[in-house]
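The residues making up each chain are set out below.
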Amino acid sequence: MGALSGLRVLDLSRVLAGPWAGQLLADLGAEVIKVERPGRGDDTRHWGPPFLEGPDGPPESAYFLCANRGKRSVCLDLSSPEDQQRCRELAQQCDVVIENFKVGDAARRGLDYPTLSADNPGLIYCSITGFGQTGPYRHRPGYDLLVQAMGGLMSITGEPDGEPQKVGVALTDIMTGLYATVGILAAVNERQRSGLGQHIDLALLDVTAATLANQATNALVGGLNPGRLGNAHPNIVPYQSFVCADGELVLAVGNDFQFGRLCELLGMAEWATDPRYATNAARVAHRSELVPALARAFLGAGRDHWLTQLEQAGIPAGPINSVQEVFADPQIQGREMVIALNHANGAEVLLPGNPIKLSRTPVEYAAAPPSLGQAVPEWLWPRSSS
């Protein structure tokens, strides 16, 4: 039995941020019912190639598969008054609703928090939008790329002399899904005391600003305007990638002791006591001198030679893996981070596993991502008209 067994979630969201939260709750044992448009479903079902092909049903996009395992799929046309009522009846039986309608759309359909909580006071209702339910931008549509740009993330991503870059995955959507999950679980815990649910208002732009982390405080506390440093770190040196004789590696020196061991390894023990490099603050101030010297040293041997030496010296370093190399890595496989599930179309689907390792109530993968309208029990459909 999962940690969230007995929690029932109505997932009215689509694309990535909301579905990511729903999938995480499902992994932890919640029952998640995903509402989709008849005939087409979640937009991401069509975002391909690649597609998972199977003998017993239509192909399914890899994109949809990444965020919807463990759910049941229900087809409702939420522009229809009849299906709006059916959705309200479902919400009466649920603990949590997740939605990402444009601001005002849920209310127009009678699916907003005030309406649903009137019949279910314990309902926890999580709204995910680009800019939130308040503020001057609240009615604007928001997408991950747009918000990475507006939230400052692109301004600090990329090479110093290159163009601003987005992160290689929709990171703001993913982080918003994680924040949504945290907010939902906080509200579930509080409900044990009050017996009442509450509304959670999450905005992609807010999440982007919050997750700027040290770059945010570099600006707010230090009065700096951080720029792009490629693979280098604004506050730690050396903490970046280096080119070797036959490839590249990343080096993550986190303290002065590790830097001292690095200096010995490179045959430059004097650097550890050089006032320009002896402390991290000094290394940050003199990175323009130190980094080129390190770069010349790493060119003297192959990547695997350096990785072996660095590991033996206890200095954090690693290869720059491709995505396929990641999932072939023995550590990833040893941690059960590749899972295989049987899809309804007859194919086996390989998916990334859940990183949360609970000792007594481990994550369980109840089902592969569902086909559209797949296997909904009749008890989910109480109808006031019947």
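Here the structure is a predicted model, which is why all the values come from computation and not from measurement.

Caption draft 1: Quick peek at the overall build of the protein chain. Looking only at helices and strands, the protein chain features 15 helices and 13 strands. Taken along its principal axes, the extent of the C-alpha atoms in the protein chain is 85 × 50 × 40 Å. The proportion of buried residues among the 386 residues of the protein chain is 45%. Restricting the contact set of the protein chain to residue pairs at least 6 apart, pairs at least 24 apart contribute 66%. About 19,300 Å² of surface is accessible on the protein chain, with carbon and sulfur atoms providing 55% of the total. Considering the protein chain, the positive charge centre built from 30 side chains and the negative charge centre built from 41 side chains are found 5 Å apart.

Caption draft 2: Fine view of the nonpolar core. Residues Val9, Ile98, Ile128 and Ile184 are the most contacted members of the largest nonpolar core, which totals 28 residues. Each residue touching Ile184, except ones within four places of it in the same chain, is listed here: Leu25, Val96, Ile98, Ile124, Cys126 and Ile200. Counting residues in hydrophobic clusters, the runner-up holds 22 residues, among them Phe242, Leu249, Leu251 and Ala293.

Caption draft 3: Focus on unusual backbone geometry. Each neighbour pair has its own omega, and for Gly48 with Pro49 the value is 10 degrees, a cis peptide bond. Tracing the chain through its elements places Pro49 in the loop between β2 (31-36) and β3 (51-54). Look at the link from Pro49 to Pro50: it is a cis peptide, with omega at 5 degrees. One non-glycine residue with positive phi stands out, namely Ala213, at about 50 degrees. The residue Ala213 is located in helix α9 (residues 213-220) in this model. Judged by its relative accessible area of 44%, Ala213 is partly exposed.

Caption draft 4: Just the sheet that holds β2, in detail. Sheet architecture is open: six strands sit in the order β5-β2-β1-β6-β7-β8, paired in parallel fashion. Looking at strand neighbours, the two that pair on one side only are β5 (71-75) and β8 (199-203), the edges of this open sheet. If you compare each strand with its neighbour and ignore which way they point, the axes differ by 20 degrees on average. The sheet contact formed by strand β1 (residues 8-11) and β2 spans four bridges and is parallel. Note on β2: the bridge partner recorded for Val9 is Val32. Its contacts with the sheet put helix α7 (residues 171-194) on β6 (96-99), β7 (124-129) and β8, and the angle it makes with β7 is roughly 160 degrees.

Caption draft 5: Inspection of the sheet that holds strand β9 (residues 239-243) at higher detail. The antiparallel open sheet is built from three strands, whose spatial order is β9-β10-β11. Each edge of the open sheet is held by one strand with a lone partner, namely β9 and β11 (317-319). On average, each strand axis in the sheet is inclined to that of its neighbour by 25 degrees, with strand direction left out of account. Looking at chain direction, β9 and strand β10 (residues 248-252) are connected through five bridges and run antiparallel. Looking at the pairing, Phe242 lines up with Leu249 of β10. Lying on the sheet, helix α12 (residues 287-298) is in contact with β9 and β10; it crosses β9 at an angle near 40 degrees.

Caption draft 6: Spotlight on the packing of aromatic side chains. All told, the structure shown has six aromatic pairs when counted by the stated rule. With 5.2 Å between their ring centres and 75 degrees between their planes, Phe298 and Trp306 make a pair best called edge-to-face. Given a relative accessible area of 0%, Phe298 falls into the buried group. Within the aromatic cluster, the residues linked to one another by ring pairs are Phe242, Phe298 and Trp306.

Caption draft 7: Geometry of the environment of Gly227. When you line up the elements, Gly227 lands in the loop between α9 and β9. Residues Gly227 and Gly158, 69 residues apart in the sequence, show an inter-C-alpha distance of 9.2 Å.

Caption draft 8: Representation of the environment of Leu24. As for its placement among the helices and strands, Leu24 is situated in helix α1 (residues 17-27). The class of Leu24 is buried, set by a relative accessible area of 12%. In this structure, the C-alpha to C-alpha distance between Leu24 and Pro238, residues 214 residues apart in sequence, is 35 Å. Apart from the residues lying within four places of it in its own chain, the contact partners of Leu24 are Leu178, Thr181, Asn354 and Ile356.

Caption draft 9: Just helix α13 (residues 303-312), in detail. Among all positions of α13, only Trp306, Leu307 and Leu310 are buried. Within α13, the buried residues cover an arc of 100 degrees as seen down the axis, which keeps them to one side. Residues of α13 that are buried in the fold lie against β10, α10 (256-265), α12 and β11. Where α13 terminates, the next one or two residues include Gly314, which has phi positive at roughly 75 degrees.

Caption draft 10: Representation of the side chain of Asp144. By secondary structure assignment, the location of Asp144 is in helix α6 (residues 144-150). A polar side-chain atom of Asp144 sits 2.9 Å from the main-chain amide nitrogen of Thr172.

Caption draft 11: Quick look at the pattern of salt bridges. Enumeration according to the criterion identifies 16 salt bridges in this entry. With a closest N to O distance of 2.6 Å, Arg45 and Glu36 form a salt bridge. Glu36 shares its class with Arg45; the two are buried. Note that Asp43 and Arg37 form a salt bridge whose closest N and O atoms lie 2.3 Å from each other. The structure contains a network of salt bridges with shared partners spanning Arg8, Glu31 and Arg72.

Parameters and conventions
Residues numbered from 1 in each chain as written. Predicted model: local features only at pLDDT ≥ 70, side-chain atom pairs only at ≥ 80, totals over all residues. Heavy atoms only, no water. Helix = DSSP H or I, 4+ residues; strand = E, 2+ residues; numbered from the N terminus. Buried < 20%, exposed > 50% of the residue type's maximum accessible area, 1.4 Å probe, protein only. Contact = heavy atoms within 4.5 Å. Areas by Shrake-Rupley, 256 points an atom, 1.4 Å probe, with all protein chains shown as cover. Lys, Arg positive; Asp, Glu negative; His and termini not counted. Charge placed at Lys NZ, Arg CZ, Asp CG, Glu CD. Core = buried A, V, L, I, M, F, W, Y, C linked by side-chain atoms within 4.5 Å. Pairing = 2+ DSSP bridges. Axes fitted to C-alpha atoms, helices over the stretch in contact; angles between N-to-C directions. Phe/Tyr/Trp six-rings, centres within 6.5 Å; stacked < 30°, edge-to-face > 60°. Arc of directions from axis to C-beta. Polar contact = N/O pair within 3.5 Å; in protein donor to acceptor, adjacent residues only side chain to side chain. Salt bridge = Lys/Arg side-chain N within 4 Å of Asp/Glu carboxyl O.

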